[in-house]
Amino acid sequence: MKLKHAAVAGLLTFSNAAPILAWQKNDEVNKFNGLNAEMLAATDARDALNQVFDDALARENYQALVYLGQIGGEACAKLAPYLTAQDVHARAAARKGAMLCHDTELSDALLAFPEALPATAGDDYLYPALGFSGGPAARKLLVEKVNAIKPGSPFNVGYPDNPRTMPLFGLLQSVVYDQMAAGDIDGLDFTNLLALTGEMGTAEAAAYLLTRFTELSTVLEQSAVEQAISKADNVIVRTLLVRVLRQFGDPAAETLQALAGSEEMPVKLAALRAMGYLSDPETMKSLVRAAGRGEDHTRQVALTALGGRNAGAAIVVKKLKETLGDQNSWLATTALESLYAHSEGEAIRFARIWLRREDYYKAFKAMSVLSRSDEGKAVLQAYADANPETNRGREAAIALDPSIEAITAPRETPSIKLVVSYQKRELVLETTRGTICVAPSSSAPYAAANFMLLADAGRMDGMLWHRVIPNFVAQAGQTEDPEINKWGSIREEWFESNHQIGTVGVATAGRDTGGTQFFINTAYNIHLNGRYTVFGRVTKGLEAAFALEEGDLISKASTIKAGDEACQ
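Residues numbered from 1 in each chain as written. Predicted model: local features only at pLDDT ≥ 70, side-chain atom pairs only at ≥ 80, totals over all residues. Heavy atoms only, no water.

Help me understand the pattern of salt bridges, please; the structure alone is not making it clear to me.
If you walk through the whole model with that rule in mind, you get 20 salt bridges. Between Lys96 and Glu496 there is a salt bridge, with its nearest N and O atoms 2.5 Å apart. With Lys96 in helix α5 (residues 88–101) and Glu496 in the loop between β6 (473–478) and β7 (503–506), this residue pair connects regions lying 400 residues apart in the sequence. The class for Glu496 is partly exposed, based on a relative accessible area of 31%. (Salt bridge = Lys/Arg side-chain N within 4 Å of Asp/Glu carboxyl O. Helix = DSSP H or I, 4+ residues; strand = E, 2+ residues; numbered from the N terminus. Buried < 20%, exposed > 50% of the residue type's maximum accessible area, 1.4 Å probe, protein only.)

In structure tokens, the structure reads:
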């Protein structure tokens, strides 16, 4: 029976963007003209001292505050006086800027209005701003606002977006990478949060927030989670709740086994991945079977899950060693990575062999395995020292010290004329799995122009899809072309970075370090919003994007005029 993907944009009801205000509408019209165009260019150049921002504020063009927030650093201090302004437009722009700053120095100013839910649409930015820049001091308020959202409460009709999601998004960003145990956040009503996963308008945001906590089995009942999964009316929520269910361990094994038989691919893969956290013999056998047959994405997830199972179990080691010889390189390298957890010595032995073979993808993946042990690190260091002028040698050095990847000279800000010209074109990627067309985002025009320039310069040809995580992203950009390292880095444009299915983002190794690597979202990745730039969306070839596997290539990349029949 055919498996189904969740590539349906209509299912997505949550956004990190508050309702559009007058100052935003005007900016959308004038973004590439006059004062706003000058501010946009100064923002890309990270020129916070440019007089254009003061000129704009003098004219009550509050978009300047948003741009200053994107610049970050010392520029964020300029937002503080406007965070408590009486003018709703100034306050909204300052709070949106604070979202982009990621600067806890703004916490006190943001918390100056702790009373009630916002009376005006512009104040919805308060909660996302508190999530990104409020720090731990903001969590108490965010928890209170999340708890106040009750199932069945009004949708606040009159706003273009549902503002009930804003506190959820704010709390999500406040805890997103903390790996916080459920018992360590004071006062959060997890039972209510689970109930919100069944509500239109809050379902995805509430489910995603739950997945950011550990030890959920101490605050929720397994039966309640299972019931929420069965009642969820869209595949995104069901998939997220499977990640919650895995925290209950072996008692959830029977339900996870059943979910692994789902016809919905995201749910099926989430259940298989969840089995990697269990220890019972039946799910281990199920993973071994799934790793040996079926379509490639299913096998890959099962092989990954086996890396977390019963260390040294003979049945697991046997299956992983068998798969090392699979003709599909993605499956073979996944088996190698999982084998490391069961037999470190054998995994290193194979990785040493792969490092010196012609197969670039296998050599690249072998480096990640070697970097996990002192023995492997010695091998990588010797390889990096012997091959200093090659990309493989550089990647070996990066495997030893990832910070090297972030050391890149910034590219010069291109002319606004060139940037605008690329807004009228589409990026075409001819891949192993089919053609993918990407339309540029007007909210990230410089990032979009960067990748279109990269394609027109021929630098995307031959790029490897080197990181594919089913139910997450397909990422490309690895290449043996040494000229790629001279490309330089670009700056973030987080203005409207909503990582829905089919959007295309900039891969980075830290703020303002992107350049030549990008990813296609194959899931609804809310936690990336406001942290990674979205520079486009897939307009054709979404199924090809879902089908991508590690080791696939971009055979040819180019740009064409928007509306060309090739991308219809």
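So much for the structure itself; the text now carries on.
Got a minute to help me understand the state of the cysteines in this structure?
A covalent bond between the sulfur atoms of two cysteines is what we call a disulfide. Summed over the entire model, instances satisfying the criterion amount to 2 disulfides. Across a sulfur-sulfur distance of 2.1 Å, Cys76 and Cys101 are joined as a disulfide pair. Here Cys76 and Cys101 share a disulfide; its torsion about the S-S bond, -115 degrees, makes the bridge left-handed. With Cys76 in the loop between α4 (63–71) and α5 and Cys101 in helix α5, this residue pair connects regions lying 25 residues apart in the sequence. Two residues, Cys437 and Cys567, share a disulfide whose sulfurs are 2.1 Å apart. Its torsion about the S-S bond being -80 degrees, the disulfide of Cys437 and Cys567 is classed as left-handed. Of the two residues, Cys437 is situated in strand β4 (residues 434–440) and Cys567 in the segment after β10 (553–561); the sequence distance between them amounts to 130 residues. (Disulfide = S-S within 2.5 Å.)

Help me understand the sheet that holds strand β8 (residues 518–521), please; the structure alone is not making it clear to me.
Hydrogen bonds along the backbone pair up the strands of a sheet, which may run parallel or antiparallel. Taken in spatial order, the 8 strands of this closed barrel run β3-β4-β9-β7-β8-β6-β5-β10, and their pairing is antiparallel. The average undirected angle you get between the axes of adjacent strands in this sheet is 35 degrees. Inspection of the sheet shows strand β3 (residues 425–431) paired to β10 by 7 bridges, in the antiparallel sense. Counted as the bridge partner of Val428 is Ser558 from β10. (Pairing = 2+ DSSP bridges. Axes fitted to C-alpha atoms, helices over the stretch in contact; angles between N-to-C directions.)

Just to check I follow, could you spell out the nonpolar core for this structure?
Proteins that are soluble and globular tend to have nonpolar side chains buried together. Ranked by size, the top nonpolar core spans 173 residues in total, and within it Phe190, Leu193, Met460, Trp465, Phe518 and Phe535 carry the most contacts. Listed in part, the 5 residues of the second largest apolar core include Val473, Ala507, Phe519 and Leu528. (Core = buried A, V, L, I, M, F, W, Y, C linked by side-chain atoms within 4.5 Å.)

Teacher, can you tell me more about helix α20 (residues 344–355) here?
Every α-helix winds through 3.6 residues per turn, so residues three or four apart in the chain are directed the same way. Counted at 1.5 Å a residue, the expected span for α20 with its 12 residues is 16 Å, and the 16 Å between its end C-alpha atoms agrees. All of the buried residues in α20 are Ala347, Ile348, Ala351, Trp354 and Leu355. Looking straight down α20, one finds its buried side chains confined to an arc of 125 degrees; they lie on one side. Next to the buried residues of α20 lie α19 (329–342), α21 (360–370), α22 (374–386) and α23 (391–400). (Expected span 1.5 Å × (residues − 1). Arc of directions from axis to C-beta. Contact = heavy atoms within 4.5 Å.)

Sorry if this is basic, but what is going on with the packing of aromatic side chains here?
Each aromatic ring pair is summarised here by two numbers: the centre-to-centre distance and the angle between the ring planes. Applying the stated criterion across every chain, the model contains 9 aromatic pairs. Between Trp465 and Phe518, the ring centres sit 5.6 Å apart and the planes meet at 75 degrees, which makes this aromatic pair edge-to-face. Of this pair, Trp465 sits in strand β5 (residues 463–469) while Phe518 sits in strand β8, placing them 53 residues apart in sequence. Aromatic pair Phe518 and Phe535: ring centres 6.5 Å apart, planes at 80 degrees, arrangement edge-to-face. Here Phe518 is found in strand β8, whereas its partner Phe535 is found in strand β9 (residues 534–540), with 17 residues between them in sequence. The burial state of Phe518 is the same as that of Phe535; both residues are buried. Three or more aromatic residues joined by ring pairs make a cluster, and in this case those are Phe451, Trp465, Phe518 and Phe535. Across the ring face of Phe350, the terminal group of Arg349 is positioned such that the distance to the ring centre comes to 4.8 Å. Stacked on the ring of Trp487, the Lys or Arg Arg411 has its end atom at 4.0 Å from the ring centre. (Phe/Tyr/Trp six-rings, centres within 6.5 Å; stacked < 30°, edge-to-face > 60°. Lys NZ or Arg CZ within 6 Å of the ring centre and 35° of its normal.)

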